[in-house]
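Understanding the architecture of this molecule
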Amino acid sequence: MKRLLYLLYILAVLIVLIPKEKLYYTMERSLEPYHLYFANETLNNRFFYFDADGVSVILDHSAIATIERIRIAPWIVSNRLVFSSIEVSPEYKLFFPGKIDEIEFVYSLIHPLSIRIEGRGEFGECHGIIDPIEGKIRLEFDRTAQLRAYAVLVSKLRAEKEKLVYESDF
């Protein structure tokens, strides 16, 4: 029992000492080649997670969205990146749902070759997988009346059983 508590203590100390702010800046740098930038955020380094609040998303010198909160939770065994309350700019609402409640990316050591995605918003719900080795993404959307309101998005999806599927390489 003592060994288990000691192991949990070491794990907690490691999580607290992980440079979470550096993870956030690394994420920003990885988006730069796509001309996608984050601006005007307020950074908060907590013990077990890192928050960036009030983020403006800029693509090619044009504001495309605002994100209320980006949370990074590097818990070693299961790492999470959560985008909360995404409000898409009116110019881009034709292409994307106007309000996305949450998008969550989960990387787990139990499934090390994939990243799980879950999202919900005005369009309904979606879930999917990113395969970083093969460079593929697969998202499945529930067929909802709200999703049909986004004709451009639906045109990119293909029907598969009871779902609408988006697949792409990156």
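For the structure itself, look to the data block above.
Below is a summary of the structure that appears in this document. (Residues numbered from 1 in each chain as written. Predicted model: local features only at pLDDT ≥ 70, side-chain atom pairs only at ≥ 80, totals over all residues. Heavy atoms only, no water.)

A short note on the overall build of the protein chain
Put simply, the rule reads: Secondary structure elements follow DSSP: runs of H or I no shorter than four residues count as helices, runs of E no shorter than two count as strands, and numbering proceeds from the N terminus. Exposure is judged per residue with a 1.4 Å probe applied to protein chains only, and the accessible area is read against the type maximum: over 50% gives exposed, under 20% gives buried, and values in between give partly exposed. Contact definition: two residues touch when any of their heavy atoms are within 4.5 Å.
Counting secondary structure elements, the protein chain contains four helices and 11 strands. Each principal axis of the C-alpha atoms in the protein chain carries an extent, and together these give about 55 × 40 × 25 Å. Scored against the burial criterion, the 170 residues of the protein chain give a buried share of 34%. Residue pairs in contact within the protein chain that sit at least 24 positions apart in sequence constitute 33% of those at least 6 positions apart.

Comments concerning the packing of aromatic side chains
Note the threshold: Any two rings among Phe, Tyr and Trp, with Trp reduced to its six-membered ring, count as a pair given centres within 6.5 Å; such a pair is stacked if its planes are under 30 degrees apart, edge-to-face if over 60, and tilted if neither.
With the rule as written, the count across this model stands at five aromatic pairs. Note on Tyr-24 and Phe-38: the rings are 6.3 Å apart at their centroids and 25° apart in plane angle, and the pair reads as stacked. Of the two residues, Tyr-24 is situated in helix α2 (residues 20-31) and Phe-38 in strand β1 (residues 36-39); the sequence distance between them amounts to 14 residues. Side by side, Tyr-24 and Phe-38 carry an identical accessibility label, which is buried. Taking 5.6 Å as the distance between ring centres and 45° as the angle between the ring planes, the aromatic pair formed by Tyr-24 and Phe-50 counts as tilted.

A short note on the pattern of salt bridges
Rules: Here a salt bridge means any side-chain nitrogen of Lys or Arg lying within 4 Å of a carboxyl oxygen belonging to Asp or Glu.
Enumeration over the complete set of coordinates arrives at 14 salt bridges. Close ionic contact of Glu-104 with Arg-80 constitutes a salt bridge, the shortest N to O distance being 2.8 Å. Note that Glu-104 is positioned in strand β6 (residues 99-108) and Arg-80 in strand β5 (residues 78-88), a separation of 24 residues in sequence. What makes Glu-104 buried here is its relative accessible area of 17%. Residue Arg-116 is joined to Glu-118 by a salt bridge in which the shortest nitrogen-to-oxygen separation is 3.3 Å. A relative accessible area of 37% places Arg-116 in the partly exposed class. Look at the salt bridges and you will find they share partners, linking Arg-46, Asp-51, Asp-53, Arg-69 and Arg-71 into a network.

Some points on α2
Put simply, the test is: For a helix, the expected span equals 1.5 Å multiplied by the number of residues minus one. Summarising the geometry, the arc corresponds to the directions from the helix axis toward the C-beta atoms.
Here α2 contains 12 residues, and its C-alpha end-to-end distance of 17 Å stays within 8% of the 16 Å for a straight helix at 1.5 Å per residue. Every buried residue of α2 is listed here: Lys-20, Tyr-24, Met-27 and Glu-28. Summarising the axial view, the buried residues of α2 lie within an arc of 100°, below the 170-degree limit, and thus occupy one face.

Structural notes on the pairing of strand β3 (residues 50-59)
As a reminder of what qualifies: By definition, two strands form a pair when at least two bridges between them are found by DSSP.
For β3, the tally of buried residues reaches seven of 10 residues, placing the bulk of the element in the interior. As paired elements, β1 and β3 share four bridges and run antiparallel to each other. Considered in β3, the bridge of Tyr-37 is made with Ile-58. Two strands pair when backbone bridges link them, and strand β2 (residues 42-45) and β3 are joined in this way by four bridges, in the antiparallel orientation.

Examining unusual backbone geometry
The general pattern is negative phi for most residues beyond glycine and trans for most peptide bonds. One non-glycine residue with positive phi stands out, namely Ser-85, at about 50°. Among the structural elements, Ser-85 can be located in strand β5. One non-glycine residue with positive phi stands out, namely Lys-161, at about 55°. Structurally, Lys-161 is set in the loop between β10 (158-160) and β11 (163-169). With a relative accessible area of 81%, Lys-161 lands in the exposed category.

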